[in-house]
Amino acid sequence: MDFVSNFATHYNYWLVIVLMMTGFYLVISRPNMVKQLIGLSLFQASVFILYISFAYVADGTAPILAEGQEIYANPLPHVLILTAIVVGIATTAVGLALVVRIHRAFGTIEENEIQDMGRHS
Amino acid sequence: MIDVLDYVMLFFLAATAIGIVRLRGLIAVVMLSGIYSLLAASLFVILDAPDVALTEAAVGVGAATVLMLGTVALTTREEKPVRFRPLPLVVVVVTGIVLIYGTLSLPPFGAADVPARLHVSPLYLAEGYEQTGVPNIVTAVLASYRGFDTLGEVVVIMAAGVGVIALLAGRRSGQGEKGE
């Protein structure tokens, strides 16, 4: 495999994927719903970092026009991620409201305990 | 220089993420997730995306942390211990390897002549100032070229607000009715 020779040029993507998978692990391994939502937001933030990495250009600057500057970072991913951050907090807010509602109804936010309730009654 | 900063930030992010996985006190976990967002915002500054960094700092560090703390205060402060099961770890490792394999066909980090830079973004950079009068191209695209996207974003926020109100303002019923 040519993994080793690619490390110098792709390390950023790989480390971001490690972060992403940490969030994914929280989502699928923990029954606690707050922890799952935090895992989801970790995953989300890592995807943002991946997109911003795509936009980055070596020796460039931020896409704010200035005299004597030729190379700028790609503005399009920045715009997409600005929108995604705001939409992300909206979905997180709805998820957290659902968690509060579930806690009111069942007295717990552990997924396995709620499933056990269904099984025993 | 940028490479070193990039490494350091990604290392801190990974350390924070591992802390989030291992800790069980939810308030500490929420605080760490705020720190994670702040580190991500710093990384955005390093990667030449100051607009995104400001938004992430305001939304990810501020609003998200407040909402999560509110949820923890309304529900429970401690995660119950879980038995370690190998299946999620296997799934995650396999997915990660597949994704890393996928990145091998991506252009190198920081390259200038990538396909993503050849279509509309050079147009925005070349003509954005003349057409909109805004030197910050991200703002020009967000508010002018893609103004309808931003309108849609506001609609999503409103829908989420309505959803949260509908979920939380309803009549309380059922067991386990504790606290406000």
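Thresholds, definitions, all that
Residues numbered from 1 in each chain as written. Chains lettered and ligands numbered in written order. Predicted model: local features only at pLDDT ≥ 70, side-chain atom pairs only at ≥ 80, totals over all residues. Heavy atoms only, no water. Helix = DSSP H or I, 4+ residues; strand = E, 2+ residues; numbered from the N terminus. Rg over C-alpha atoms; globule rule 2.2 N^0.38 Å. Buried < 20%, exposed > 50% of the residue type's maximum accessible area, 1.4 Å probe, protein only. Areas by Shrake-Rupley, 256 points an atom, 1.4 Å probe, with all protein chains shown as cover. Lys, Arg positive; Asp, Glu negative; His and termini not counted. Charge placed at Lys NZ, Arg CZ, Asp CG, Glu CD. Domains from an automatic or database assignment. Contact = heavy atoms within 4.5 Å. Buried area = accessible area lost by both parts, 1.4 Å probe. Salt bridge = Lys/Arg side-chain N within 4 Å of Asp/Glu carboxyl O. Polar contact = N/O pair within 3.5 Å; in protein donor to acceptor, adjacent residues only side chain to side chain. Expected span 1.5 Å × (residues − 1). Phe/Tyr/Trp six-rings, centres within 6.5 Å; stacked < 30°, edge-to-face > 60°. Core = buried A, V, L, I, M, F, W, Y, C linked by side-chain atoms within 4.5 Å. Patch = residues over 30% accessible without salt bridge, like charges linked within 9 Å, V, L, I, M, F, W, Y side chains within 5 Å.

### Details of the overall build of chain A
Then step 1. Within chain A one finds four helices and zero strands.
Then step 2. For 121 residues, the compact-globule estimate of 2.2 N^0.38 gives 14 Å, and the C-alpha radius of gyration of chain A, at 20 Å, exceeds that figure by more than 25%.
Then step 3. In terms of its C-alpha atoms, chain A occupies a principal-axis envelope of roughly 70 × 40 × 15 Å.
Then step 4. With 121 residues in all, chain A has 58% of them scored as buried.
Then step 5. When the accessible area of chain A is evaluated, it comes to approximately 4800 Å², of which 64% is carbon and sulfur surface.
Then step 6. When the 5 positive and 8 negative side-chain charges of chain A are each reduced to one mean point, those points stand 22 Å apart.

### A few points about the domain arrangement of chain B
Then step 1. For chain B, the domain assignment lists domain 1 (1–81) and domain 2 (114–172).
Then step 2. For domain 1 of chain B and domain 2 of chain B, the distance between their C-alpha centroids amounts to 23 Å.

### As for the interface of chain B and chain A
Then step 1. Across the boundary between the two partners, chain B contributes 93 residues, which contact 81 residues of chain A.
Then step 2. Contact between chain B and chain A buries roughly 8000 Å² in total, counting both sides, with carbon and sulfur atoms accounting for 75%.
Then step 3. Contact with chain A buries area across many residues of chain B, yet Asp48, Phe109 and Leu167 of chain B alone supply 8% of it, more than any other trio.
Then step 4. Here chain B and chain A share three salt bridges between them.
Then step 5. Among the ionic pairs, glutamate 79 of chain B bridges to arginine 30 of chain A, the shortest N-O distance being 3.8 Å.
Then step 6. The interface formed by chain B and chain A contains 22 residue pairs in polar contact (both at pLDDT 80 or more).
Then step 7. A per-element tally of the side of chain B that touches chain A places helix α3 (residues 50–74) of chain B first, with 13 residues.

### Details of helix α2 (residues 26–46) of chain B
Then step 1. Here α2 of chain B is 21 residues long and its end C-alpha atoms lie 30 Å apart, about the 30 Å a rise of 1.5 Å per residue gives.
Then step 2. Following α2 of chain B by one or two positions, aspartate 48 of chain B has its phi on the positive side, about 60°.

### Comments concerning the packing of aromatic side chains
Within a pair of aromatic rings, the relevant descriptors are the distance that separates the centres and the angle that separates the planes.
Then step 1. Within the structure shown, the criterion is met by nine aromatic pairs over all chains.
Then step 2. Summarising the aromatic geometry, the rings of tyrosine 13 of chain A and phenylalanine 54 of chain A are spaced 5.4 Å apart at their centres and angled 55° between planes, so their arrangement reads as tilted. One end of the pair, tyrosine 13 of chain A, is in helix α1 (residues 3–29); the other, phenylalanine 54 of chain A, is in helix α2 (residues 33–55), with 41 residues separating them in the sequence.
Then step 3. Classification of phenylalanine 54 of chain A by relative accessible area gives partly exposed; the value is 30%.
Then step 4. Considering the side-chain rings of tyrosine 56 of chain A and phenylalanine 109 of chain B, the 5.2 Å spacing of their centres and the 25° angle between planes classify their relative orientation as stacked. Taken together, the positions of tyrosine 56 of chain A in the loop between α2 and α3 (75–106) and phenylalanine 109 of chain B in the loop between α4 (86–103) and α5 (120–132) put the pair across two chains.
Then step 5. What makes tyrosine 56 of chain A buried here is its relative accessible area of 6%.
Then step 6. Given the relative accessible area of 13%, phenylalanine 109 of chain B is considered buried.
Then step 7. Put simply, the rings of Tyr11, Tyr13, Tyr51, Phe54 and Tyr56 of chain A together with Tyr7 and Phe109 of chain B touch in pairs and so form one group of aromatic residues.

### Considering the nonpolar core
Then step 1. Core analysis: the biggest nonpolar cluster contains 65 residues, and Ile49 of chain A together with Leu13, Leu43, Phe44 and Val52 of chain B have the highest contact counts within it.
Then step 2. Summarising the domain contributions, this core has at least three residues from each of domain 1 (1–81) and domain 2 (114–172) of chain B.
Then step 3. Ignoring any residue separated from it by four or fewer positions in sequence, one finds isoleucine 49 of chain A in contact with Val16 and Leu19 of chain A together with Leu13, Ala40, Leu43 and Phe44 of chain B.

### Thoughts on a nonpolar patch on the surface
Then step 1. The grouping of Phe7 of chain A together with Val4, Tyr7, Val8, Phe11 and Phe12 of chain B at the surface amounts to a nonpolar patch, some 570 Å² of accessible area in total.
Then step 2. Sort the elements by how many residues they give to the nonpolar patch and helix α1 (residues 2–22) of chain B lands first, with five residues.
Then step 3. Turning to its location among the elements, phenylalanine 7 of chain A is positioned in helix α1.

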